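Residues per chain, in single letters:
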Amino acid sequence: QVQLVEFGGGLVQPGGSLKLLCATSGSAFVNYALGWYRQAPDKALELVASIGPGGIKNYADFAKGRFTISRDKAAVELEMNSLKPEDTAVYYCNAKHYSADRSSLISDYWGYGTQVTVSS
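Keep in mind it's a predicted model, so treat the numbers as computed, not measured.

What counts as what
Residues numbered from 1 in each chain as written. Predicted model: local features only at pLDDT ≥ 70, side-chain atom pairs only at ≥ 80, totals over all residues. Heavy atoms only, no water. Salt bridge = Lys/Arg side-chain N within 4 Å of Asp/Glu carboxyl O. Buried < 20%, exposed > 50% of the residue type's maximum accessible area, 1.4 Å probe, protein only. Helix = DSSP H or I, 4+ residues; strand = E, 2+ residues; numbered from the N terminus. Disulfide = S-S within 2.5 Å. 1 Å grid on protein atoms, 1.4 Å probe; cavity = no way out; pocket = protein on both sides within 12 Å on 5 of 7 lines; lining within 4 Å. Points joined across faces, edges and corners; volume = space filled by probe spheres on them. Nonpolar A, V, L, I, M, F, W, Y, C, P; charged D, E, K, R; others polar.

One pass over the structure, following the stated rule, counts five salt bridges. Put simply, aspartate 61 and lysine 64 hold a salt bridge, and the shortest N to O gap is 3.2 Å. We note that aspartate 61, like lysine 64, is exposed. Here arginine 66 makes a salt bridge to aspartate 87, at a shortest N to O gap of 2.7 Å. In this pair, arginine 66 sits in the loop between β6 (57-59) and β7 (67-72) while aspartate 87 sits in the loop between β8 (75-80) and β9 (89-98), placing the two residues 21 residues apart along the sequence. The residues arginine 66 and aspartate 87 share a single accessibility class, namely buried.

Written out as C-alpha cells, the structure is:
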C-alpha cells in the first residue's frame, strides 16, 4: 500500500525554523518527483517546492531563500527558515511519477498533511 507520512509540523514563532520530513513506502519512489504543497485557510493549494529524481529543485517565489528541499532516495525534507505568519498552513507531501518523456502524469500520491502555525 502506498503511503506518504509527514512529520515535523507544529507551532513556531515568527522568524523561527521548522523541518518537515516525508517518509514514503516502497522503493519505487526513488523514481518519483517529490514535493511539498500547502493550503492556508480559505486559500488554494499551492506548490512550495519540489525535487526531481535527479535532484533538480523547483521553488515557489515565496520559498526562495528561506526554504530548502532535499531528498534521500524516497524520503523528502523541507527545511523552513525565517518563518512568517503567512506561512501558516497545512503542508502536504506529494509524489508524482511521469512518463519517460514527461508528457503524462502516471501516478500522483498525497500525504494527509501536517499543520504549521507561525504565531507569537
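This brings us to the state of the cysteines. Under the definition given, this model contains one disulfide. The residue that forms a disulfide with cysteine 22 is cysteine 93, at a sulfur-sulfur distance of 2.0 Å. Disulfide cysteine 22 to cysteine 93: torsion about the S-S bond roughly -85°, handedness left-handed. Of this pair, cysteine 22 sits in strand β3 (residues 18-24) while cysteine 93 is found in strand β9, placing the two residues 71 residues apart along the sequence. Residue classification places cysteine 22 among the buried positions, given a relative accessible area of 0%. Accessibility expressed as a relative area gives 0% for cysteine 93, which makes it buried.

Estimates place the volume of the largest pocket at around 230 Å³. Lining the largest pocket are 16 residues, and of these Ala33, Ser50, Gly52, Tyr98 and Arg102 lie nearest its centre. Contributing elements (two or more residues each) for the lining of the largest pocket: β4 (33-39), β5 (46-51) and β9. It is β4 that contributes the most residues to the lining of the largest pocket, four residues altogether. Tallied by class, residues from the lining of the largest pocket come to eight nonpolar, six polar and two charged.

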